[in-house]
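Summary of structural features
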Amino acid sequence: MGKRIFYFILTNVLVLVTISIIFMLIPGTWNYIGEDGQLQLGTLLIFSAIIGFTGSFLSLGLSRWMAKKMMGVHVLDPNDNLSQQEREIVDTVHRLSRSAGLMHMPEVGIYDAKEVNAFATGPSKKRSLIAVSSGLLHEMDGDAMEGVIAHEVAHIANGDMVTMTLLQGVVNTFVVFLARIAAFIVTRFVKEELAPIVHFLAILFFQIIFSVLGSLIVFAYSRHREFHADRGGADLAGKDKMRHALEALKMYSSRVREEEKSIATLKINGNKKASIFSTHPSLDERIHRLS
């Protein structure tokens, strides 16, 4: 779990830092320190929101492409000569998507992994992707697989990807905003000639600290979101199939390998035990809530 948390936080920090540096390299742009040497909080808040939401929406726009590349997803074309199992997966996704009221069918893919898992991603309901692992295909029966797919369709129908992006954008905004206020305060205690470099280093330091704290909010919402997707999956596939899917995932959860947090947040199966750094509640709690 520690490695996944590290990669998630590192990715978010690098996005914020990169965009911050780009803005800083443009002379006279977004100068939030007035001629009197005081912070212009209104200007700083606008500056922070632009950085925070730019990074968040950039990640959303690239999410489907990145998931395919990172996970090695093989997209199934409904017009190709698919195997019986592949055809059943595509037909199940399309059938449940229509039941959920989706006007555009998600792309359907398979990625090679021993883990028993699936995920949904994409920048919008119109450009979404549902992918299942080869391990899930080998280990799960038809009813459990339908429950898993229904859960992922519910994520898309609920607009969870966009909601997570907006939440991350708000968190990023306050990370940037508070980091610069803290850095400004720090520079008041150093020599004037050292202030620029101290200010820059302090921004990096506080953005890392506040990003870690802000991620707890994102993780908490992610856990809350899973309960809604379970209920949505039960509405689409039936409560018995959704419960059967969760119980099957619990049986195989020990096989889940370590993945980057940016992808793990989109999967149906998280850690066996939940914590404040978990993107998913425990399967026991999810089964209890569904019951």
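Residues numbered from 1 in each chain as written. Predicted model: local features only at pLDDT ≥ 70, side-chain atom pairs only at ≥ 80, totals over all residues. Heavy atoms only, no water.

**Regarding the overall build of the chain**
As a reminder of what qualifies: The helix count covers DSSP runs of H or I at least four residues long, the strand count covers runs of E at least two residues long, and both are numbered beginning at the N terminus. In this scheme, a residue with accessible area under 20% of its type's maximum is buried, one over 50% is exposed, and one in between is partly exposed, where area comes from a 1.4 Å probe on protein chains only. In what follows, a contact means two residues having at least one pair of non-hydrogen atoms within 4.5 Å. The method behind every accessible area is Shrake-Rupley, applied with a 1.4 Å probe, and residues are considered shielded solely by the protein chains displayed.
Regarding its fold elements, the chain presents ten helices and four strands. Starting at the N terminus and ending at the C terminus, the chain contains elements arranged as α-α-β-α-β-β-β-α-α-α-α-α-α-α. The buried share of the chain, taken over its 291 residues, is 50%. A separation threshold of at least 6 residues defines the contact pool for the chain, and within that pool the share at least 24 residues apart is 70%. Only carbon and sulfur atoms are counted for the fraction: they give 61% of the accessible area of the chain, which is about 14100 Å².

**Section: the packing of aromatic side chains**
Worth spelling out the cut-off: Classification of ring pairs rests on two measures: the distance between centres of Phe, Tyr or Trp rings, Trp counted by its six-membered ring, which must be within 6.5 Å, and the angle between planes, read as stacked under 30 degrees, edge-to-face over 60 and tilted in between. Any Lys NZ or Arg CZ found within 6 Å of a ring centre and within 35 degrees of that ring's normal is scored as a charge over the ring.
Summed over all chains, the structure comprises five aromatic pairs. Taken together, a centroid distance of 6.3 Å and an interplanar angle of 25° make the contact between F53 and F57 stacked. Taken together, the positions of F53 and F57, both in helix α2 (residues 41–71) and four residues apart, correspond to about one turn of that helix. Residue classification places F53 among the partly exposed positions, given a relative accessible area of 26%. Both rings, one in F205 and one in F206, keep their centres 5.2 Å apart while their planes meet at 75°; by these two values the pair is edge-to-face. On the basis of relative accessibility, which here comes to 47%, the residue F205 falls in the partly exposed class. Three or more aromatic residues joined by ring pairs make a cluster, and in this case those are F205, F206 and F210. It is R289 that lies over the ring of F227; its NZ or CZ is 4.0 Å from the centre.

**Some points on the UniProt feature "transmembrane region" (unreviewed entry) in the chain**
Going by this rule: UniProt positions are given in the numbering used here, feature names are shortened, and annotations may be inferred rather than shown by experiment.
Taking the UniProt record as the reference, the feature "transmembrane region" (unreviewed entry) is found at residues 7–33, 39–62, 170–190 and 196–221. The span residues 170–190 is 86% helical and 0% strand by assignment, and the distance between its end C-alpha atoms comes to 31 Å. Helix makes up 100% of residues 196–221 and strand makes up 0%, while its end C-alpha atoms are separated by 37 Å.

**Overview of helix α8 (residues 239–252)**
Heads up, the condition is: Working rule for helices: expected span equals 1.5 Å times residues minus one.
Counted at 1.5 Å a residue, the expected span for α8 with its 14 residues is 20 Å, and the 20 Å between its end C-alpha atoms agrees. Where the residues of α8 are buried, they touch α4 (134–139), α5 (142–157), α7 (195–237) and α10 (283–290).

**A word on the side chain of H199**
One can find H199 in helix α7. For H199, a relative accessible area of 15% translates into the label buried. Excluding residues within four positions of it along the chain, H199 makes contact with Y32, R180, A183, F184 and T187.

**Topic: the pattern of salt bridges**
Test applied: Salt bridge, as applied in this entry: a Lys or Arg side-chain nitrogen positioned within 4 Å of an Asp or Glu carboxyl oxygen.
Counting across every chain of the model gives eleven salt bridges. Three or more residues joined by partner-sharing salt bridges are found here, namely R95, D143, E146 and K241.

**Thoughts on α5**
Using the following cut-off: Here a polar contact is taken to be a pair of N or O atoms separated by no more than 3.5 Å, where protein atoms must pair a possible hydrogen donor with a possible acceptor and residues adjacent in sequence count only if both atoms sit in side chains.
In this model, α5 (16 residues) spans 22 Å end to end at C-alpha, consistent with the 22 Å of a helix rising 1.5 Å per residue. Of all 16 residues that make up α5, 13 are buried, and the element is covered over most of its length. Taking the backbone nitrogen of D143 as reference, a side-chain oxygen 3.2 Å away marks D141 as the first, capping residue of α5.

**Some details on the packing of helix α6 (residues 160–187) against α7**
Basically, it comes down to this: A fitted line through C-alpha atoms represents every axis, and for helices the fit uses only the stretch in contact; the resulting angles, taken between N-to-C directions, go from 0 to 180 degrees. Throughout, the term roughly parallel applies to angles under 35 degrees, roughly antiparallel to angles over 145, roughly perpendicular to angles from 65 to 115, and oblique to all others. It is the rotation of the near helix from the far one that decides the hand of a crossing: anticlockwise by less than a right angle makes it left-handed, clockwise makes it right-handed. Each residue gets one label: Ala, Val, Leu, Ile, Met, Phe, Trp, Tyr, Cys and Pro are nonpolar, Asp, Glu, Lys and Arg are charged, and the others, such as Gly, are polar.
It is at 7 Å that the axes of α6 and α7 come closest, and there the two elements cross at 150°. Taken together, the axes of α6 and α7 are roughly antiparallel relative to one another. Read as a crossing pair, α6 and α7 show a hand that is right-handed. Its residues placed into classes, the contact of α6 with α7 shows 20 nonpolar, eight polar and three charged.

**A look at the nonpolar core**
So the rule is basically this: Side-chain atoms within 4.5 Å link the members of a nonpolar core, which is a set of buried Ala, Val, Leu, Ile, Met, Phe, Trp, Tyr and Cys residues. Start and end positions for the domains come from either an automated domain assignment or a database one.
One finds I89, L136 and M140 to be the most contacted residues of the largest nonpolar core, which totals 37 residues. Element by element, the count of residues in this core is highest for α5, at seven residues. Each of two domains, domain 1 (32–68 + 160–290) and domain 2 (72–158), supplies a minimum of three residues to this core. Those residues in contact with I89 that lie beyond four places of it in its chain are V108, I110, V132, L137, M145 and I149. Grouped together as the second largest cluster of nonpolar side chains are 21 residues, F23, L44, V171 and A202 included.

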